[in-house]
Amino acid sequence: AQTVTQSQPEMSVQEAETVTLSCTYDTSESDYYLFWYKQPPSRQMILVIRQEAYKQQNATENRFSVNFQKAAKSFSLKISDSQLGDAAMYFCAAQGGAQKLVFGQGTRLTINP
Amino acid sequence: EADIYQTPRYLVIGTGKKITLECSQTMGHDKMYWYQQDPGMELHLIHYSYGVNSTEKGDLSSESTVSRIRTEHFPLTLESARPSHTSQYLCASSRADRLYGYTFGSGTRLTVV
């Protein structure tokens, strides 16, 4: 079975600053994918960034990057130059083998102007 | 534009009524999912389908039922709505390739009074 844990129910950051959201996971699969999703208030959940477990290089998408520590089973999301539009619930998720996507509990990110 | 659509967006209905939440996708995805999102925003998988005429119950027990008689359509039905069914319901779909994760609809916020 897979598990995903987000230990920060809420985070806040000043606009233009950098924030890091934490995520740890557990899986017995050797081939798996990790994702961060963003759910803005009353809006559609969208994929922010993905990481293939066999790739050592950390994924980057514009202001969003991950710190993937495979041995520690850690997958944190760093948001640089935070913007008001980044305010949302962020979900970490893992998918291994033929299994379904498993989500963490979510972290509510607030951006302070 | 290929996407996934949920209707209605908001629904307020009386106890005992039968309701169907609609979900359709135009991406040709074989796999579709229904999630229930609780007030704490945690996501719970309640149903999934890997193709036409294939449906399975998810991790969270639900009194709802689903059907999949067309690839693009995955409706969720509650035969007799109760206040305990008040929640946000999210529909998602995915390709066979795990790299792309899930695509989510905008959700239906159901209130049973």
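Residues numbered from 1 in each chain as written. Chains lettered and ligands numbered in written order. Predicted model: local features only at pLDDT ≥ 70, side-chain atom pairs only at ≥ 80, totals over all residues. Heavy atoms only, no water.

## Overview of the sheet that holds strand E1 (residues 4-7) of chain B
Residue and element names in this part refer to chain B. Strand order in this open sheet of four strands is E1-E3-E8-E7, and the pairing throughout is antiparallel. Two strands in the sheet have a free side with no partner beyond their single neighbour: E1 and strand E7 (65-66). Here E1 runs beside strand E3 (residues 19-25); their pairing, made up of four bridges, is antiparallel. Residue pairing for E3: Tyr 5 is matched across the bridge by Ser 24. (Pairing = 2+ DSSP bridges. Helix = DSSP H or I, 4+ residues; strand = E, 2+ residues; numbered from the N terminus.)

## Re the interface of chain A and chain B
Contacts between chain A and chain B engage 24 residues on the former and 25 residues on the latter. Around 2000 Å² of area is buried between chain A and chain B when both sides are counted, 52% of it from carbon and sulfur atoms. Broken down residue by residue, the surface that chain A buries against chain B is led by Gln44(A), Met45(A) and Lys100(A), which jointly contribute 29%. Applying the counting rule to chain A against chain B returns one salt bridge. Taken together, the elements giving at least two residues each to the side of chain A that touches chain B come down to strand E5 (32-39), strand E6 (46-52) and strand E10 (88-96) of chain A. It is E5(A) that provides the largest number of residues to the side of chain A that touches chain B, a total of five residues. Per-class residue counts for the side of chain A that touches chain B are eleven nonpolar, seven polar and six charged. (Contact = heavy atoms within 4.5 Å. Buried area = accessible area lost by both parts, 1.4 Å probe. Salt bridge = Lys/Arg side-chain N within 4 Å of Asp/Glu carboxyl O. Nonpolar A, V, L, I, M, F, W, Y, C, P; charged D, E, K, R; others polar.)

## Re the state of the cysteines
All names here are of chain A. Under the criterion given, the structure shown has two disulfides over all chains. The partner cysteine of Cys 23 in its disulfide is Cys 92, sulfur to sulfur 2.0 Å. With the S-S dihedral at roughly -70°, the linkage between Cys 23 and Cys 92 falls on the left-handed side. Residue Cys 23 is found in the loop between strand E3 (19-21) and strand E4 (24-26), and its partner Cys 92 is found in strand E10; the two are separated by 69 residues along the sequence. (Disulfide = S-S within 2.5 Å.)

## Points about the pairing of strand E8 (residues 64-69) of chain A
Residue and element names in this part refer to chain A. With two bridges joining them, strand E7 (residues 60-61) and E8 adopt antiparallel strand pairing. Across the sheet, Thr 60 pairs through a bridge with Ser 65, a residue of E8. What sits between the antiparallel neighbours E7 and E8 is a turn of two residues, in which Asn 62 has the positive phi angle 55°. In this sheet, strand E9 (residues 74-79) lies alongside E8 in antiparallel orientation, the contact comprising six bridges.

## A short note on the packing of aromatic side chains
Enumeration over the complete set of coordinates arrives at 13 aromatic pairs over all chains. Between Tyr37(A) and Phe104(B), the aromatic rings sit 5.7 Å apart at their centres with planes inclined by 80°, giving edge-to-face as the arrangement. Of this pair, Tyr37(A) sits in strand E5 while Phe104(B) sits in strand E10 (residues 102-104), each in a different chain. One exposure class covers both Tyr37(A) and Phe104(B), and it is buried. (Phe/Tyr/Trp six-rings, centres within 6.5 Å; stacked < 30°, edge-to-face > 60°. Buried < 20%, exposed > 50% of the residue type's maximum accessible area, 1.4 Å probe, protein only.)

## Quick word on the environment of Gln37(B)
Tracing the backbone shows Gln37(B) in strand E4 (residues 31-37). We classify Gln37(B) as buried; its relative accessible area is 3%. For the pair Gln37(B) and Ser87(B), spaced 50 residues apart in sequence, the C-alpha to C-alpha distance is 6.4 Å. Those residues in contact with Gln37(B) that sit more than four places away from it in its chain are Gln39(A), Phe91(A), Glu42(B), Leu43(B), Ser87(B), Gln88(B) and Leu90(B). Within the structure, Gln37(B) has its side chain in polar contact with the side chain of Gln39(A) (distance 2.8 Å). (Polar contact = N/O pair within 3.5 Å; in protein donor to acceptor, adjacent residues only side chain to side chain.)

## Topic: the pattern of salt bridges
In this structure the tally under the stated criterion is seven salt bridges over all chains. Between Asp31(A) and Arg98(B) there is a salt bridge, with the nearest N and O atoms lying 2.6 Å from each other. Of this pair, Asp31(A) sits in the loop between E4 and E5 while Arg98(B) sits in the loop between strand E9 (87-94) and E10, placing the two residues on different chains. Between Arg63(A) and Asp86(A) there is a salt bridge; the shortest N-O distance is 2.8 Å. One end of the pair, Arg63(A), is in the loop between E7 and E8; the other, Asp86(A), is in the loop between E9 and E10, with 23 residues separating them in the sequence. Exposure class is identical for Arg63(A) and Asp86(A). Each is buried.

## Section: the nonpolar core
Trp36(A), Phe75(A), Leu77(A) and Tyr90(A) are the most contacted members of the largest nonpolar core, which has 25 residues in total. If you list the elements that add at least two residues to this core, you get E3, E5, E6, E8, E9, E10 and strand E12 (107-112) of chain A. Once residues within four sequence positions are removed from consideration, Leu77(A) is found in contact with Val19(A), Thr20(A), Leu21(A), Trp36(A), Ile49(A), Phe64(A), Ser65(A), Val66(A) and Tyr90(A). Ranked by size, the runner-up nonpolar core spans 20 residues in total, among them Phe35(A), Met45(A), Met41(B) and Tyr48(B). (Core = buried A, V, L, I, M, F, W, Y, C linked by side-chain atoms within 4.5 Å.)

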